[in-house]
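Given next are the chains, with one letter for each unit.
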Number of protein chains: 2
Amino acid sequence: MRHMPNPRVFTCSLCRAKPGRGQTRLPRIINSCYSSLSKSNKDVRRQRVVILGSGWAGYTFSRTLDPSKYERIVISPRSYFVFTPLLASTSVGTLEFRAVLEPVRRLPGGVRFHQGWADEVDFSRKVVRVEANAVDPLPDAMPPSTSPNPSQPLRGELFDVEYDKLVIAVGAYSQTFGIQGVREHAHFLRDVGDARRIRLRVLSLFEQCSYPTRPDNKDGSIATNPLSEEDKRSLLHFVIVGGGPTGIEFAAELHDLIHEDLKAMYPELIPLVRITVYDIAPKVLPMFDQALANYAMEHFARQGIQVRTEHHLERVRVADGDLGRAHGGLSIKIKEYGEKEVNAGLVVWSTGLMQNPFVEQVVGKEFAINDGSESGQSKTDQHRLLKDQKTGGIVTDRYLRARITKDHDSSIGATDAVLPDVFVIGDCAVMENDRSLPKTAQVASQQAGHLAKQLNKSIQTSPTPTDVSNAWKPFKFRNWGTLTYLGGWKAIHQSSADELRGWVAWIVWRGAYLTRSMSVRNKLMVPVYWFVSWVFGRDISRF
Amino acid sequence: MRHMPNPRVFTCSLCRAKPGRGQTRLPRIINSCYSSLSKSNKDVRRQRVVILGSGWAGYTFSRTLDPSKYERIVISPRSYFVFTPLLASTSVGTLEFRAVLEPVRRLPGGVRFHQGWADEVDFSRKVVRVEANAVDPLPDAMPPSTSPNPSQPLRGELFDVEYDKLVIAVGAYSQTFGIQGVREHAHFLRDVGDARRIRLRVLSLFEQCSYPTRPDNKDGSIATNPLSEEDKRSLLHFVIVGGGPTGIEFAAELHDLIHEDLKAMYPELIPLVRITVYDIAPKVLPMFDQALANYAMEHFARQGIQVRTEHHLERVRVADGDLGRAHGGLSIKIKEYGEKEVNAGLVVWSTGLMQNPFVEQVVGKEFAINDGSESGQSKTDQHRLLKDQKTGGIVTDRYLRARITKDHDSSIGATDAVLPDVFVIGDCAVMENDRSLPKTAQVASQQAGHLAKQLNKSIQTSPTPTDVSNAWKPFKFRNWGTLTYLGGWKAIHQSSADELRGWVAWIVWRGAYLTRSMSVRNKLMVPVYWFVSWVFGRDISRF
């Protein structure tokens, strides 16, 4: 049974000393004094760091944290990390799904993993309650990665996990702005399950449209329902909502699949295919400057990909008749087109983020903490996590520690108080000194790497609550630039140093991905798949 | 519109001659006389060969048939061929699924493919009616490969396909002997979808059993339901029914997965794992002689795999309580154990074949054929396909042509009549001169290759119904021997030439598979996956 520090009387578990005034004050999280600790690192139980999440922030942090200094426990509904920049490639078969996954359990140095949803956190007792979700008798019974209220068939068992330090890296969900029909009928592209569903759907649409159109029945007694050419144009219309890198890259990859592989197998269908990207902004690819964005648009225009900026989707529904009922066709209402709906076979939704419901729940909860008084009398004030007014994320200081407040309105931080043992990184974090940091993989992984490195250092220093900050460096984001693939072996790249376009950028695009956050296994498999797809074509089997 | 020969008046479509007595008689299937044909092969429309099935028989036939001589049209509910000897490897992740698939549409020389079920055949008019089944809005909505009555959510559209020659290669279904609960709860292993479901289930069971057992909740108010050790032993009991090569290889691969990969990730669970193979026969691996079979059994015994011969399953049901309801555990009733049931987490059913319902339906149907009279008066007698009494398959002659009979009892063949343009190969065929041919991939692929080669030859000869037979060679099966993998890098091989066991057989096992029925792409990918699994371990992510 772990020895839990008694919030009232703090005693070193090793040497039984009670730190008095003037002596080295101990951080609340370690129940041993540092003189004992420095004697033998090996004899001391490692601190237990619980990480919520296995995305860019959670996985990068877990990977960088030193396992000899800390016990790493990862809690996530998903047992693997997804290398998202290559996700669009897997959704059409240029790469296979497993080449972009990194199982959490395979982290070098050993990690404990529990598959489940973090339900709630008790910051006073330093316990996370987890709901297990590995119970999935049907292969696809796991909730979609982007559903805010995963409807699980059974409530999993609950269990508690104690922590010394907690890292909240739960990420964000896809935002559908309440538009009717999106969550039911559109496909997201944030996890491998999403990519797999998209891949199956695209290939299935081509197969469905390839049946003979002429009824060709001799006795006239059996009714057949061949697809008309207009129906086929509807089903082979691929709509992408969101002109950011995800949407643009998916459009590009889809174009490659159709014109490199499907053209040979369904030649009569290719003239009927359309790809359209809709975005409400006046310009797609907002993180690129105008010149590069224009280059991208010209490239798309040559490839036949339509880009409709300043178009607003209002509703998605199942199309009328057999087109919808038998073939899954959709009808989309777009504000700029009035009443006339647009038909499509597939809608991919790749825009907008909203807060994770875990975050919403945890910022609202009050908890009592020991305010660190040495007199032995605790003041158990009610605190809350500080919430960012605009996005709903958790506010952190420059060291990525969660900020707390005593006020009822948790969005106003009256003091500089932090929970020194709770950290927040990634999409769900808002740094108070730089609230405009974008919600990207780069930011998340840099924050995670920085935090892990500070923690790797800190066990050696002689900390006080002030000293922890002094020993640590504040986080500073460095923009390494953006890369986006445009299809047809061309890409664009922009950073503060340079701009690249065309095939040179494509080489950088492919090279850059090999060096980041990938295991050796996938560093090998990704080029193998690129080669195999190039020589033999993409695999088109559906199972 | 294709010119269909008028069954009453036979006229060459090219030279308009009416063949008189003594002139070269034309086979019924070609509507041109051979003098016209020989003038220019290119000007003549290729004969249309429709192949029902994409398994060992159907795919091997399609692959071997010369596309310059024949138009190949493949109809199958599955758009790819599965290289079944390596299927067990994919069910645990030693290989990936796509490395054992060959898409039909990628056959060199071009092939037309329609995804659907052959509903019925009109042998008089030479038309196959097909029900389309590519409509699959949900990824896993396609019926399991082994279900005799696939419950499709929607009836697909129907269309007809005309043929000059028909090759029936629809294969067989898994036989469950009417045992209660098998079709609902057991897993089959005949297609990639099956392998994928097994893989997800095995990995999910380990994940489910890895949650902390100690409730560890401090306030005592939330009930938790941790699995007891006995429950874990139940869930980690893997049962295989059927001691033939499929079942034995799966047990071997499963053992490798557990002891090579899962041991590192779930060390505390490994002592609770059991693998048991049940078979009703007194001996497993019946195609091997006793010495090799014993070697296999000793090898399994050393590995801890239990083999229970002469055990009969009587029922499979969902286990009581949370074990069944929440975790999918099963309870199995075995005759030899009386009332006490055996619990398991997974049951793999790999035994027994039954006739395809298409075959059952097509052997029962009467049809009228022109008996070849030259006088212009047709005699339209009612015929049926000849059915094998014992297995229900379609009887063929030595040239793999479907035998027909006029008798009401279609199992008695009074004449030597055949349908000269209908061939039957693979599991659904029974050769009248060798009714004991086993139902194996070797037999199916040899029959298919033989038939295709004869057809490739036959267009040059001067055929009469008698001459066709003379020009063609009868089929003769050559037993290349059997290979079975036993796990732990050991195998057994037996042929008329030699016997091998141990690692030498393992090398032969791996080498043999590379040379057969595989595209270049997979000949590359299979060794790549073997290497990657060996160096980095099998991938264990579930999605």
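On a predicted model such as this, the values are computed, not experimentally measured, just so you know. (Residues numbered from 1 in each chain as written. Chains lettered and ligands numbered in written order. Predicted model: local features only at pLDDT ≥ 70, side-chain atom pairs only at ≥ 80, totals over all residues. Heavy atoms only, no water.)

## Some thoughts on the confidence of the model for chain A
Residue and element names in this part refer to chain A. Stated formally: Within a predicted model, pLDDT stands for the predictor's per-residue confidence, ranging from 0 to 100. Contacts between residues were defined by any pair of non-hydrogen atoms, one from each residue, lying within 4.5 Å.
Of all residues in chain A, 78% have pLDDT values of 70 or greater, and the mean over the chain is 81. When the criterion is pLDDT under 50, residues 215–224 qualifies, and its contacts beyond four places in sequence or with other chains add up to 16 contacts. Low confidence marks residues 460–465, where pLDDT is under 50. Its contacts with residues over four positions away, or in another chain, come to twelve contacts.

## A word on the pairing of strand β17 (residues 346–349) of chain A
Residues and elements named next belong to chain A. Under the convention used in this document: Here the term buried applies to any residue with accessible area under 20% of the maximum for its type, exposed to any over 50%, and partly exposed to those in between, with areas from a 1.4 Å probe on protein chains only. Runs of H or I in DSSP of at least four residues are treated as helices and runs of E of at least two as strands, each being numbered from the N terminus. Paired strands, in this sense, are two strands between which DSSP finds at least two bridges.
What you see with β17 is no split at all: L346 and V348 on one side and V347 and W349 on the other are buried throughout. Bridge count between strand β10 (residues 187–188) and β17: two bridges; the pairing is parallel. Residue pairing across strands places F188 opposite W349, the latter belonging to β17. In this sheet, β17 lies alongside strand β11 (residues 237–241) in parallel orientation, the contact comprising four bridges. Within β17, the residue paired with F238 across the bridge is L346.

## So, the pairing of strand β25 (residues 482–487) of chain A
The two faces of the sheet receive side chains in turn, since in a regular strand these alternate between them. Residue and element names in this part refer to chain A. Of all six residues in β25, five are buried, a share of seventy percent or more. Of the strand pairs in this sheet, β25 and strand β26 (residues 490–494) are connected by five bridges, and their pairing is antiparallel. Residue pairing in the sheet places G487 in a bridge with K490 of β26. Where β25 folds back on β26, the antiparallel hairpin that results is connected by two residues, among which G488 adopts a positive phi of roughly 60°.

## Some words on the sheet that holds strand β25 (residues 482–487) of chain B
Pairing between sheet strands relies on hydrogen bonds along the backbone, with the strands arranged either parallel or antiparallel. Residue and element names in this part refer to chain B. Heads up, the rule is: To obtain each axis, a line is fitted to C-alpha atoms, and for helices this fit is confined to the stretch in contact; angles are then taken between N-to-C directions over 0 to 180 degrees.
The strand order across the open sheet built from three strands is β25-β26-β27, with neighbouring strands paired in antiparallel fashion. On the outer flanks of this sheet lie β25 and β27 (499–502), each paired with one strand and no other. When the angles between neighbouring strand axes are averaged without regard to direction, this sheet yields 10°.

## What to know about the nonpolar core
How we decide: Put simply, a nonpolar core is a bunch of buried Ala, Val, Leu, Ile, Met, Phe, Trp, Tyr and Cys residues held in one set by side-chain atoms that sit within 4.5 Å of each other.
Counting 202 residues, the largest nonpolar core has F61(A), F206(A), F238(A), F61(B), F206(B) and F238(B) as its most contacted members. Those residues in contact with F61(A), other than ones at most four positions away along the chain, are V49(A), I51(A), V167(A), I425(A), A448(A), L451(A), A452(A) and L455(A).

## Focus on the environment of S89(A)
Residue and element names in this part refer to chain A. So the rule is basically this: Distance and chemistry together define a polar contact, namely a pair of N or O atoms within 3.5 Å, with one atom able to donate a hydrogen and the other to accept it when in protein, and with adjacent residues in sequence counting only for side-chain atoms on both sides.
Take S89: it is sitting in helix α3 (residues 87–90). C-alpha of S89 to C-alpha of L189: the two residues are 100 residues apart in sequence and 11 Å apart in space. A distance of 2.7 Å separates a polar atom in the side chain of S89 from a polar atom in the side chain of E253.

## Concerning the side chain of D194(B)
All names here are of chain B. Position of D194 relative to the elements: it lies in helix α5 (residues 192–209). Take D194: its relative accessible area is 4%, and that puts it in the buried class. In this structure the side chain of D194 is engaged in a polar contact, spanning 3.0 Å, whose partner is the backbone nitrogen of R190.

## Focus: the environment of F543(A)
Residues and elements named next belong to chain A. With respect to the element layout, F543 can be found in the segment after α14 (520–536). Classification of F543 by relative accessible area gives buried; the value is 13%. Distance from F543 to L200, taken between C-alpha atoms, is 7.9 Å for residues 343 residues apart in sequence.

## Section: the pattern of salt bridges
Where we set the bar: What makes a salt bridge here is a side-chain nitrogen of Lys or Arg within 4 Å of a carboxyl oxygen of Asp or Glu, nothing more.
According to the stated counting rule, one finds 56 salt bridges over all chains in the structure shown. For E96(A), the salt bridge identified is with R199(A), shortest N-O distance 3.1 Å. Here E96(A), found in the loop between α3 and β4 (101–103), pairs with R199(A), found in helix α5 (residues 192–208); they are 103 residues apart in sequence, far enough to count as distant. Just as E96(A) is buried, R199(A) falls in that class too. The partner of D397(A) in a salt bridge is R401(A), and the shortest N-O contact between them spans 3.0 Å. Summarising the burial analysis for this pair, D397(A) and R401(A) share the class buried. Taken together, the shared-partner salt bridges in this structure form one network comprising E96(A), R199(A), D539(A) and R98(B).

## Let's talk about the packing of aromatic side chains
Stated precisely, the cut-off is as follows: Ring pairs are drawn from Phe, Tyr and Trp, using the six-membered ring of Trp, whenever the two centres fall within 6.5 Å, and their geometry is named by plane angle: stacked under 30 degrees, edge-to-face over 60, tilted for the rest.
Tallied over the full model, the rule gives 22 aromatic pairs over all chains. Between the aromatic rings of F159(A) and Y211(B), the centroid separation amounts to 5.4 Å while the plane-to-plane angle is 50°, which identifies the pairing as tilted. On the criterion of chain membership, the pair formed by F159(A) in strand β7 (residues 158–162) and Y211(B) in the loop between α5 and α6 (229–235) is interchain, its members lying in two chains. The same class applies to F159(A) and to Y211(B), which are both buried. Ring geometry for Y59(B) and F81(B): centres 4.6 Å apart, planes at 0°, overall stacked. Of this pair, Y59(B) sits in helix α2 (residues 56–64) while F81(B) is found in strand β3 (residues 80–82), placing the two residues 22 residues apart along the sequence. Ring-pair connections join several aromatic residues into one group, and the members of that group are W56(A), Y59(A), F81(A) and F83(A).

## Side note on a nonpolar patch on the surface
Which entries qualify depends on this criterion: Patches here are clusters of residues that have more than 30% relative accessible area and form no salt bridge, with a 9 Å joining cutoff for like charges and a 5 Å cutoff for nonpolar side chains (Val, Leu, Ile, Met, Phe, Trp, Tyr). The Shrake-Rupley method, run with a 1.4 Å probe, gives the accessible areas here. Residue values count only the displayed protein chains as cover.
A cluster of nonpolar side chains, namely W489(A), F531(A), W534(A), V535(A) and L524(B), defines an oily patch on the protein surface of about 510 Å² accessible area. Considering each element in turn, the nonpolar patch owes the most residues, three residues, to α14(A). With respect to the helices, strands and loops of the structure, F531(A) is situated in helix α14. A relative accessible area of 42% places F531(A) in the partly exposed class.

## Brief notes about the sheet that holds strand β16 (residues 342–344) of chain B
Residue and element names in this part refer to chain B. Taken in spatial order, the three strands of this open sheet run β14-β15-β16, and their pairing is antiparallel. Since the sheet does not close on itself, it has two edges, and those belong to β14 (313–318) and β16, each with one partner. Taking the axes of each pair of neighbouring strands and ignoring which way they run, one obtains an average angle of 25° across the sheet. As paired elements, strand β15 (residues 330–334) and β16 share three bridges and run antiparallel to each other. Bridge pairing in β16 links I332 to V342.

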